[in-house]
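Listed here are the chains, written in short residue letters.
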Amino acid sequence: GYGSFAIAILIALSIRWALMEAYVIPSASMLPSLLIHDHIFVNKMVYGLRVPFSKTWLIQLKKPSRGEVIVFKDPRDNQTFLIKRVVGLPGDKIDYRHNQLFINDQLVETAVTPNASDFEEVGELENQKSNHEVLTENLGDHPHRVLHLKSDTDMEVGPVTVPDHSYFMMGDHRDNSADSRVWGFAPSENIL
């Protein structure tokens, strides 16, 4: 009866609140790592457990590390969910100029990815591949591919220092991502 139905709903909501939640990639900002309309499950227990419907931690297990892809609430409206890569940790100095990322005055190493299939995965760019370049970037223990225009971009920032309890976030499609270069830092309380 109704009791079984209520228990099923309670279990489903508990799983969504504490364990995992599904998201759909809405834009090209994370190409080539995540494609538009990709479906992903987010492990909500990685960083800890929050009090339901609040930003207060019941238990915090760890903090985000450089290079991880995380889901967080957009600091501009605290409602929209964004998916970006952690580039800067609290206290880091970030500088992004001429398609080069510097963290604490150290250039983040990249290598050209010679694999033509990178552009097959990002189908809408197939006709623009002569203008774009896919690189492998190493951030901490998280090597990943990034996509950017071969020419200089207007998506530059820095140097800026990441404040306490905040993170500098970037999309992997460096010329097509509204990220920390546009709206500033992601507060730790917004991280899911």
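Residues numbered from 1 in each chain as written. Predicted model: local features only at pLDDT ≥ 70, side-chain atom pairs only at ≥ 80, totals over all residues. Heavy atoms only, no water.

### Section: the nonpolar core
Quick reminder of the rule: Only buried residues count toward a nonpolar core. Its members are Ala, Val, Leu, Ile, Met, Phe, Trp, Tyr and Cys residues joined through side-chain atoms within 4.5 Å. Exposure categories follow from relative accessible area, calculated using a 1.4 Å probe and restricted to protein chains: below 20% of the type maximum is buried, above 50% is exposed, and the middle band is partly exposed. Each helix is a run of DSSP H or I of at least 4 residues and each strand a run of E of at least 2, with the numbering of both proceeding from the N terminus. Throughout, a contact is declared for two residues whenever any of their heavy atoms are within 4.5 Å.
Residues Val87, Ile94, Tyr96, Leu101, Ile103, Val108, Leu139, Val157, Val162, Phe168 and Met170 constitute the largest nonpolar core, which totals eleven residues. For this core, the secondary-structure elements that each account for two or more residues are β7 (93-97), β8 (100-103) and β14 (166-170). Look past the residues within four positions of Val87 in its chain and what remains in contact with it is Arg66, Asp92, Ile94, Leu101, Ile103, Leu139, Phe168 and Met170. Phe72, Leu82, Val86 and Met169 belong to the second-largest nonpolar core, a separate cluster that totals ten residues.

### Digging into the environment of Ser188
Note on placement: Ser188 falls in the segment after β15 (186-187). Sequence separation of Ser188 and Tyr167 is 21 residues, and the distance between their C-alpha atoms is 6.9 Å. Ignoring anything within four residues of it in the chain, the contact list for Ser188 reads Arg50, His165, Ser166 and Tyr167.

### Remarks on the sheet that holds strand β13 (residues 157-161)
As a reminder, the rule being used: Note on pairing: DSSP must find at least two bridges between two strands before they are called paired.
Spatially, four strands are ordered β9-β8-β7-β13 in an open sheet, and the strand pairing comes out antiparallel. Two strands lie at the open edges of the sheet, namely β9 (106-107) and β13, each paired on one side alone. Pairing between β8 and β9: two bridges, direction antiparallel. By the bridge assignment, Ile103 is partnered in β9 with Gln106.

### Notes on the side chain of Asp92
Condition: Whenever two N or O atoms come within 3.5 Å, that pair is a polar contact, provided that in protein one can donate a hydrogen and the other can accept it, and provided that, for residues adjacent in sequence, both atoms are side-chain atoms.
Mapped onto the elements, Asp92 comes out in the loop between β6 (81-88) and β7. The class for Asp92 is buried, based on a relative accessible area of 7%. At a separation of 2.5 Å, a polar atom in the side chain of Asp92 contacts the side chain of Arg66. Excluding residues within four positions of it along the chain, Asp92 makes contact with Arg66, Val87, Ile103, Asn104, Val160, Thr161 and Val162.

### Some details on the sheet that holds β15
Pairing is antiparallel across the open sheet formed by four strands, whose spatial order is β5-β6-β14-β15. Looking at strand neighbours, the two that pair on one side only are β5 (69-73) and β15, the edges of this open sheet. Judged from the two bridges that link them, β14 and β15 form a sheet pairing that is antiparallel. The residue bridging Ser166 from the neighbouring strand is Pro187, located in β15.

### Digging into the environment of Asp154
With respect to the secondary-structure elements, Asp154 resides in the loop between β12 (142-149) and β13. Its relative accessible area of 72% is what places Asp154 among the exposed residues. Between the C-alpha atom of Asp154 and that of Asp175, which follows or precedes it by 21 residues, the distance is 7.9 Å.

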